[in-house]
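As a plain string of letters, each chain reads:
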Amino acid sequence: MYTRQLSKLIIYSLSVILSFNVYLDGDSTEDDSSGFFQQVVDNTKGELKASYFSNFDQDPRGDDKNFGHIDLKLNYKQDISDNVFLNVVGRFREDTANRTRETFGFVEDSDRPYLATIDELVFRYSGEKIEWSVGKQLFTWGVADTFRPTDQINPSDYTDLPTSEKLAVPAITLFHSHEKVDIQGVIIPAFTPTRLPGSDNRWGPDQSGLAAGFAPLFGGVTPNLDFSRREIPDKKLDTLQGGIRLTSSSLISGWDLGLTWYTGYDPIGVYRANIIPGVTPTVEMIQVFSEFQEFGASFSTTLKGAVVYGEGAFHITKDNLQEDSYFEYVLGFNYTNYDILSSVFEEIRFIVEYAGESVFDERTDNQTYFDTGQYLRPFQNSILWGIIFKHNIDTEFTFGGAYNINDGDALISPQLSHKLQNGMKIITGFDIFTGNDDSFFGRWDNNDRFSLTVEYLF
Amino acid sequence: MKKILLSLIISLSIWLPLSAADSPTGKEIMEIQKNQHKIKTEVTKYDMILVDKKGRERKRVISIYVKDVGNSLNKTMLKFSEPADIAGVGLLTWEQGEDKDDDQWLYLPAQRQVKRISSSGKKNQFMGTDLAFEDLRPENLQANNYKVLGEEKIGDDLCWKIEATPATAKEKKDSGYSKRIIWIRKDIYFSVKTEFYDKRGNLAKLGTNEDFENIEGNIWRSKKGTTESLKRKTKTIMATTSRDTKGSLEESFFSQNNLKKD
């Protein structure tokens, strides 16, 4: 099956390259086209990743123990004029578990990753103090190393939890640089939901407990659960999302300060239960997205050779759906030591964060709305860390993880990376989940795995 | 007698300043070296060659943007453009002078985040090269003592031989060097060779500048700089491929937002 899918990927890639050549043949002289083609090649950088994951346990949903994934990104950058710049990232990917959709999409609102997509497409105009960016964009707000409460603009793709990544959103951005303060305003015309793993995915929801909870409504018969429907907010003027970020590195010497405000729809949302009676009753768990506002602040400074930082955000849910209003925060530091075990390691970098949460408007479970639980607010009283042991320019070992103090559950991810040659790197490691079944990490106790990735940059 | 005495006083008063001018102090030489070669803005592109202990070479391409923002302080931005695995990595430094820590930010494209870094780690190796962060910043004249050890010829060029030692408690703690011996060419006030001694007093690194070019007036630059780590037996060669000293860069260019751009 894997060979078949790999062939598909190659066919897709070839068709893109061939169609490009047809365009060149049709529109240009040979010299012009070869010049243009050369320019495209010169301005394009690529990243090819092939990954293999081997889970230690069988998944009750039937997801394979072994999982392969191939991912090709092509990044084209071009100065269109003195002030206008184009950045495009095209992406092709395929896997052995049929997690991708065999269609092309621009807005990432499908429930599965697209086989071919434009990951990013940004036109940027840069004036002396003003900059406009239009297109499908990724943002990073906040200052923390691992968990950033103020970083709210992009939803995530959780179809493979340990390798989850941000999804770019269509946006218009204005950046204005003042003497002491920079202002960034973002408008997001179309909502993009977080991509949650499907019910056939080993990272997906465990339905048995939830289904059993509905049984009393059907005279003790356990209903089927259907998670396929989502109510994505309409693309209208009154559903525009947006935010503002103020940052300064010179208001107080030696401190980076930030203030953020964001209004939009929670990209994870909640489930609304819709009962469909019948011989075999079904409960549709429709994903709906609650509107929220968030006010955040961040700081970062240096202290005795370490970088100390913190950020926090008030998340205020507007609708009366099943979603609390809360304040989440993180405090942390990173520090690099060059003296410990210096005969083996050139440097050891320590990253330690404490993440906490305080609920100030709690909504209780009812028969209509349920929180999505799994991916929402994972770090309520948690320690997160990363220790990077750098042997030399080519080889490093990372010991990363997170521990939830309340439930005693944890994720531990040791990882070794080694550069084989310029541009080619091999990364291998483990993801180990521990804890009770009803805890955040413990629910994936069955998903401990070994991973091996070969990455080639060209 | 009075006349003789007066003549002697006048002669001495003329001779003493001349004598001082003939034998400037270490700090005076370093001041001239730092100030004479100043350019308001400068953009230089280098091929950075890393040579490992087996003699294998790896090439990186790096651009360094510098602006003199007054008070002997610079803002500097450094960006890698090759090879692919470090393309886009950037380092922004706002010098703070005196004994204050510089503001420094690092941009790693994979993380898409500009991160403040601690400049107290200035003794640390920069991106796998033989250069420490402190080697990349301009000489901090307030934080070091300079002593002229004498004169020596390097090749055909007569040089002052100067010993630089950390002057403040902070510099002693933060710097990776117990001392540096610097050879400054007398004719152009430019350093041609530096020996870097580690905290134990052992010679750790050797830096050389060669292939000098005259930019304008008495402003000079070296087209090739080599730093050799004697213990690691590795070398970093910075070969200039282009230099622009005529352009202008606004101070606003040296921002975290620009650090992210290609």
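Residues numbered from 1 in each chain as written. Chains lettered and ligands numbered in written order. Predicted model: local features only at pLDDT ≥ 70, side-chain atom pairs only at ≥ 80, totals over all residues. Heavy atoms only, no water.

Let's shift gears to the overall build of chain A. Each helix and strand counted, chain A has 3 helices and 26 strands in total. In chain A, buried positions account for 49% of the 458 residues. For chain A, the exposed surface amounts to about 21400 Å²; the carbon and sulfur share of it is 57%. (Helix = DSSP H or I, 4+ residues; strand = E, 2+ residues; numbered from the N terminus. Buried < 20%, exposed > 50% of the residue type's maximum accessible area, 1.4 Å probe, protein only. Areas by Shrake-Rupley, 256 points an atom, 1.4 Å probe, with all protein chains shown as cover.)

With that settled, consider helix H2 (residues 26-36) of chain B. All buried positions along H2 of chain B are accounted for by Gly26, Ile29, Met30, Gln33, Lys34 and Gln36 of chain B. On the buried face of H2 of chain B, the contacting elements are strand S7 (144-154), strand S8 (157-166), strand S9 (179-185), strand S10 (191-197) and strand S12 (219-229) of chain B. (Contact = heavy atoms within 4.5 Å.)

The next subject is the environment of asparagine 87 of chain A. Residue and element names in this part refer to chain A. By the element assignment, asparagine 87 lies in strand S3 (residues 84-95). Taking relative accessible area as the criterion, asparagine 87 reaches 13% and is therefore assigned buried. Remark: the alpha-carbon pair of asparagine 87 and threonine 44, spanning 43 residues in sequence, is separated by 9.8 Å. Those residues within four positions of asparagine 87 in sequence are excluded, and the remaining contacts are Asn75, Tyr76, Lys77, Glu120, Leu121 and Val122.

All names here are of chain A. By secondary structure assignment, the location of valine 122 is in strand S5 (residues 114-126). On the basis of relative accessibility, which here comes to 12%, the residue valine 122 falls in the buried class. Linking valine 122 and valine 134, residues 12 residues apart in sequence, is a C-alpha distance of 5.6 Å. Excluding its chain neighbours within four sequence positions, the residues that come into contact with valine 122 are Phe85, Leu86, Asn87, Ser133, Val134, Lys136 and Gln137.

Taken together, the contact between chain B and chain A spans 32 residues of the former and 41 residues of the latter. Considering only the surface of chain B that becomes buried against chain A, Arg58, Arg112 and Arg116 of chain B emerge as the three largest contributors, covering 23% of it. Joining chain B to chain A, the criterion identifies 7 salt bridges. Of the charged contacts in the structure, one is a salt bridge between lysine 261 of chain B and glutamate 131 of chain A, with a shortest N-O distance of 2.4 Å. Linking chain B with chain A are 16 residue pairs in polar contact (both at pLDDT 80 or more), by the criterion used here. For the side of chain B that touches chain A, the secondary-structure elements that each account for two or more residues are strand S2 (57-68), strand S5 (103-108), strand S6 (113-117) and helix H4 (256-259) of chain B. At 4 residues, the largest contribution of residues to the side of chain B that touches chain A is made by S6 of chain B. (Buried area = accessible area lost by both parts, 1.4 Å probe. Salt bridge = Lys/Arg side-chain N within 4 Å of Asp/Glu carboxyl O. Polar contact = N/O pair within 3.5 Å; in protein donor to acceptor, adjacent residues only side chain to side chain.)

So, about unusual backbone geometry. Proline 83 of chain B follows glutamate 82 of chain B through a cis peptide bond whose omega is -5°. Mapped onto the elements, proline 83 of chain B comes out in the loop between strand S3 (74-82) and strand S4 (90-94). One non-glycine residue, leucine 341 of chain A, adopts positive backbone phi at about 50°. One can find leucine 341 of chain A in the loop between strand S19 (325-337) and strand S20 (347-361).

Residues and elements named next belong to chain B. With the rule as written, the count across this model stands at 33 aromatic pairs over all chains. Measuring from ring centre to ring centre gives 4.8 Å for tryptophan 94 and tryptophan 105, while their planes differ by 70°; the resulting arrangement is edge-to-face. Placement of tryptophan 94 in strand S4 and of tryptophan 105 in strand S5 is noted, with a sequence separation of 11 residues between them. Tryptophan 105 shares its class with tryptophan 94; the two are buried. Between tryptophan 160 and tyrosine 189, the aromatic rings sit 5.2 Å apart at their centres with planes inclined by 40°, giving tilted as the arrangement. Of this pair, tryptophan 160 sits in strand S8 while tyrosine 189 sits in the loop between S9 and S10; the two residues are 29 residues apart in sequence, bridging distant segments of the chain. (Phe/Tyr/Trp six-rings, centres within 6.5 Å; stacked < 30°, edge-to-face > 60°.)

Attention now moves to the pattern of salt bridges. Per the stated rule, a full pass over the model turns up 47 salt bridges over all chains. If you follow the salt bridges from partner to partner, you end up with Asp71, Arg91, Arg93, Asp119 and Glu165 of chain A in one network.

Now for the nonpolar core. Core analysis: the biggest nonpolar cluster contains 32 residues, and Phe214, Leu225, Val283, Met285, Phe379, Phe433 and Phe441 of chain A have the highest contact counts within it. In this view, phenylalanine 379 of chain A contacts Phe147, Ala355, Gly356, Glu357, Leu384, Ala402, Asn404 and Phe441 of chain A; residues no more than four positions away in its chain are not counted. Core analysis: the second largest hydrophobic core is formed by 18 residues, Ile62, Ile86, Ile117 and Leu131 of chain B among them. (Core = buried A, V, L, I, M, F, W, Y, C linked by side-chain atoms within 4.5 Å.)

So, about the side chain of aspartate 59 of chain A. Inspection of the secondary structure puts aspartate 59 of chain A in the loop between strand S1 (44-55) and strand S2 (66-79). Residues within four places of aspartate 59 of chain A in sequence aside, it is in contact with Arg202 and Asn446 of chain A.

A few words on the confidence of the model for chain B. Residues shown with low pLDDT carry predicted positions that ought not to be read at fine detail. Residue and element names in this part refer to chain B. Chain-level statistics for chain B give a pLDDT mean of 87 and a share of 90% at 70 or above. Per-residue pLDDT, averaged within each element of chain B, yields its smallest value for helix H1 (residues 2-22) (47) and its largest for S9 (97). Within the model, pLDDT remains below 50 along residues 8-21, and this stretch shows 1 contact once partners closer than five positions in the same chain are excluded. (pLDDT = per-residue confidence, 0-100.)

Attention shifts here to the side chain of glutamate 42 of chain B. If you trace the backbone, glutamate 42 of chain B turns up in strand S1 (residues 41-51). Leave out the neighbours within four places in its chain, and glutamate 42 of chain B touches Ile64, Tyr65, Val66, Arg221, Arg243, Asp244 and Thr245 of chain B.

We now examine the confidence of the model for chain A. On average, residues of chain A score 87 in pLDDT, and 90% of them are at 70 or above. Below pLDDT 50 for its whole length, residues 17-29 of chain A participates in 9 contacts with residues either more than four positions away or in separate chains.

Another aspect to go through is a positive patch on the surface. A cluster of like positive charges, contributed by Lys304 of chain A together with Lys123, Lys173 and Lys199 of chain B, occupies part of the molecular surface. Relative to the assigned elements, lysine 304 of chain A resides in the loop between strand S17 (291-303) and strand S18 (306-317). Judged by relative accessible area, which is 79%, lysine 304 of chain A ranks as exposed. (Patch = residues over 30% accessible without salt bridge, like charges linked within 9 Å, V, L, I, M, F, W, Y side chains within 5 Å. Lys, Arg positive; Asp, Glu negative; His and termini not counted. Charge placed at Lys NZ, Arg CZ, Asp CG, Glu CD.)

What follows concerns the pairing of S3 of chain A. All names here are of chain A. Of all the 12 residues making up S3, 11 are buried; the element is thus mostly covered by neighbouring parts of the structure. When S2 meets S3, the two strands line up antiparallel, connected through 11 bridges. The residue bridging isoleucine 70 from the neighbouring strand is glutamate 94, located in S3. The turn joining S2 and S3, which pair antiparallel and follow one another in sequence, is formed by 4 residues. In the sheet, S3 pairs with S5 via 9 bridges, with the strands oriented antiparallel. Bridging across to S5, valine 89 finds its partner in glutamate 120. (Pairing = 2+ DSSP bridges.)

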